[in-house]
Amino acid sequence: MPASPPPPDDAPSAAPAALWAGLARHRPPGADAADRAWRSPVRGPWLTSVLGAVLLATLPLVIVTGLLDWIAYGPRLDQAFPRDVGWLHPPVFDWPTRPAWLFRLTQGLHVALGIVLVPVVLGKLWSVVPKLFDWPPARSTAQLLERLSLVLLVGGILFQTATGLLNIQYAYLFGFDFYTAHWYGAWIFTAALVAHVAIKLPRLVTALRGPGFARTPVERTRPEPADPDGLVARRPGPATMSRRAVLAVVGGGALLLAALTVGQSVDALRRTALLLPRGRRIGDGPTGFPVNRSAAAAGVTPERTGPGWRLTLRAGNRTVALDRARLLALAQHTAVLPIACVEGWSTTQTWTGVRLRDLAALAGSADPATARVRSLERAGLFREAALHRGQVTDPDALLALRVNGVDLSLDHGYPARIIVPALPGVHCTKWVTEIVFDG
Ligand code: HEM
C-alpha cells in the first residue's frame with residue numbers, strides 16, 4: 001500500500017483537532033454554572049482593558065524596582081540573595097551613593113506599589129473570572145499554550161504579592177527561602193506578563209479607542225457586543241453597578257491602601273502607616289524613629305557595648321583598636337541622610353560620626369577598594385556587610401556615633417553604626433565591632 005502523503009506543516013493534525021472537538025462535546029457537570037453565576041453586564045473588553053492599562057503602566061515599575069533591590073545588595077561583592085543565579089540577572093553595577101534617596105525611592109515604590117495595586121489586580125481578575133470556567137479549556141494548541149501562560153501570570157502575581165506581603169510582616173509562614181522564591185517567581189511572572197502583553201496589546205488598544213463607558217450611569221449600563229475573547233457575559237443580567245462605580249471601588253481601595261502605606265516613608269505621616277507597623281515611630285525623642293531589628297532580637301546586650309567595647313580597624317597587616325572616646329575625639333562629620341529598609345519603610349535623620357574614609361586612612365588604607373564591616377551580632381544574615389569603594393569614600397559615608405544630637409540608642413546601633421547615602425538599611429550595620437579595608 002502506498003504511504004499517504006504527510007500533512008502540510010500548518011494543517012492541524014487529526015489527534016488534537018479531534019481532542020478539542022471531543023472536549024467541547026463532553027461538558028463536565030457544572031460547566032454551564034459559570035454562565036449563570038457570572039452575569040454582570042459590566043464585564044467586557046473595555047473594563048478589562050482599563051484595568052489592564054493601569055497594570056501595564058505600573059507593574060513594570062514593580063518589576064524593575066524589585067530587580068534594583070537585588071542589585072543594591074551588591075552582587076559584585078557576592079552579597080545579593082539569591083547568590084548564585086547564573087545568567088538570569090539584569091546587568092549588575094555598583095549601587096551608587098547619589099542621590100542619597102535612591103534606595104528610599106526604589107524600594108519604597110516597590111513595596112508601596114505592590115500593596116496599592118492589590119485592588120487593581122483583584123479587579124482585573126474579577127473582570128476575567130468567567131474565563132477560568134470556559135469549556136473546552138482550549139480550542140487549539142496555540143490557545144492551550146496561551147492559557148498555560150495565564151496560569152503562570154495569575155499564579156505569579158498572586159505568589160509575588162503573597163510572599164512580598166508576608167515578608168514585610170516578618171511572617172515567614174511559607175517555610176521556603178523568601179529571596180530565592182521571590183526572585184525566581186519574579187522571572188516567571190515577568191515572562192508570563194511579556195507574553196500576555198504581546199498577545200493582548202492590540203485588543204487593549206482597540207477596546208480603549210472604541211466607545212468609552214466611563215460616564216455611563218447604572219440605568220444605561222448595557223453589555224458590550226460579544227467579543228472574540230468571550231469576556232462579555234453570554235447571559236447578562238441587569239446592571240447593579242455602572243462601570244465607573246466598579247472603577248471607583250477599585251480606585252478607592254487603592255487610595256485607601258496608599259493612605260495606610262505612605263506614612264512608612266513620609267516622616268510627617270508616620271502615624272498613618274497602620275498596615276506597616278515596622279515603619280512607625282517607636283517612641284518620642286530624637287531616637288524614636290523606626291527600628292527593624294532590635295538589640296534584644298540581635299542578642300546584643302548593654303554589657304557587650306559598654307566600656308569594654310572596641311572598634312578594630314584592619315588594613316593589610318595593620319590593626320588599630322579604638323574605644324568610643326577615641327572615636328569621638330576624631331574629626332566628626334554630620335549628614336542628613338535617609339535610612340531605607342528593604343521592607344519599604346524609610347526615614348530621614350541627622351547623623352554624626354567619623355567619615356569611613358578617615359577611618360580607612362587611620363588604618364593605613366589610602367584608597368580602599370572595599371570595606372568589610374562586622375557587627376557584634378553573633379547570628380543573622382546581616383552581621384557582616386561589604387561596601388564598595390564609592391560607598392567607603394563618599395564624604396557622607398559615616399561610622400555614626402550620634403543621631404539627632406544625642407548618642408545612638410542601643411536599638412539604633414550604639415556604640416557605632418554604618419550610615420552611607422543610598423545604602424540599603426540591612427547593610428547599615430549596627431553595633432559595629434570591626435572594619436577590614438582591602439586594597
Ligand atoms: C508584582 C510582582 C512583583 C515582582 C515581579 C517582584 C520582584 C522582586 C524582586 C526581583 C526582588 C528582589 C528579590 C531578591 O533580592 O531576591 C524583590 C524584593 C522584594 N519584594 Fe518584590 N516583587 C513583586 C511584588 C512584591 C510585593 C507585592 C511586595 C510587598 C508588598 C514585595 C515586597 C518585596 C520586598 C520586601 C523585597 C525585598 C526583600 C529583601 O531584600 O529583603 N514584592 N521583589
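Residues numbered from 1 in each chain as written. Predicted model: local features only at pLDDT ≥ 70, side-chain atom pairs only at ≥ 80, totals over all residues.

## Things to note about the overall build of the chain
So, step 1. Within the chain one finds 12 helices and 10 strands.
So, step 2. Rg of the C-alpha trace for the chain: 28 Å, well past the compact-globule value of 22 Å for 439 residues, more than 25% over.
So, step 3. Principal-axis analysis of the C-alpha atoms places the extent of the chain at approximately 90 × 65 × 35 Å.
So, step 4. Looking at the chain as a whole, 36% of its 439 residues are labelled buried.
So, step 5. Counting contacts in the chain only where the partners sit at least 6 residues apart, residues at least 24 apart contribute 71% of the total. (Helix = DSSP H or I, 4+ residues; strand = E, 2+ residues; numbered from the N terminus. Rg over C-alpha atoms; globule rule 2.2 N^0.38 Å. Buried ≥ 20, exposed ≤ 12 C-beta atoms within 10 Å, placed from the backbone. Contact = placed C-beta atoms within 7 Å.)

## Points about the packing of helix H3 (residues 45–72) against helix H7 (residues 178–209)
So, step 1. Closest axis-to-axis distance for the H3/H7 pair is 10 Å, and the angle between their directions is 150°. On the basis of their axis angle, the class for H3 and H7 is roughly antiparallel. As for how H3 packs across H7, the hand of that crossing is left-handed. Side by side, H3 and H7 meet where Pro45, Trp46, Ser49, Gly52, Ala53, Leu56, Leu59, Ile63, Gly66 and Trp70 of the first sit next to Trp183, Ala186, Thr190, Leu193, Val197, Arg203, Leu204, Ala207 and Leu208 of the second.
So, step 2. A class-by-class count of the residues in the contact of H3 with H7 yields 14 nonpolar, four polar and one charged. (Axes fitted to C-alpha atoms, helices over the stretch in contact; angles between N-to-C directions. Parallel < 35°, antiparallel > 145°, perpendicular 65-115°, else oblique. Left-handed = near helix turned anticlockwise from the far one by under 90°. Nonpolar A, V, L, I, M, F, W, Y, C, P; charged D, E, K, R; others polar.)

## Some thoughts on the sheet that holds strand E5 (residues 370–375)
So, step 1. In space, the five strands of this open sheet follow the order E2-E1-E10-E5-E6, with mixed pairing throughout. In this open sheet, the two strands that pair with only one neighbour each are strand E2 (318–322) and strand E6 (384–388). Between one strand and the next, the sheet's axes are offset by a mean angle of 15°, whatever the strand orientation.
So, step 2. The pairing of E5 with strand E10 (residues 432–438) spans six bridges and is antiparallel. Considered in E10, the bridge of serine 375 is made with valine 432.
So, step 3. Sitting on the sheet, helix H11 (residues 356–363) is in contact with strand E1 (311–315), E2, E5 and E10, with an inclination near 65° to E1. (Pairing = 2+ DSSP bridges.)

## A look at the domain arrangement of the chain
So, step 1. For the chain, the assigned domains read domain 1 (26–269) and domain 2 (295–438).
So, step 2. Taking the mean C-alpha position of each, domain 1 and domain 2 sit 40 Å from one another.
So, step 3. Every contact between the two is made by 26 residues of domain 1 and, on the other side, 22 residues of domain 2.
So, step 4. Of all elements in the fold, only H3, helix H4 (102–116) and helix H6 (141–168) reach the threshold of two or more residues within the side of domain 1 that touches domain 2.
So, step 5. No other element matches the seven residues that H4 contributes to the side of domain 1 that touches domain 2.
So, step 6. The class makeup of the residues in the side of domain 1 that touches domain 2 is 13 nonpolar, eight polar and five charged. (Domains from an automatic or database assignment.)

## What to know about the nonpolar core
So, step 1. Membership of the largest hydrophobic core comes to 76 residues, with the highest contact counts inside it found for Ala371, Leu398, Leu399, Ala400 and Ile419.
So, step 2. If you count residues domain by domain, this core takes at least three from each of domain 1 (26–269) and domain 2 (295–438).
So, step 3. Excluding residues within four positions of it along the chain, isoleucine 419 makes contact with Leu337, Ile339, Trp351, Leu398, Ala400 and Cys428.
So, step 4. Counting seven residues, the second-largest nonpolar core is a separate cluster that includes Leu59, Leu153, Ile157 and Leu193. (Core = buried A, V, L, I, M, F, W, Y, C linked by C-beta atoms within 7 Å.)

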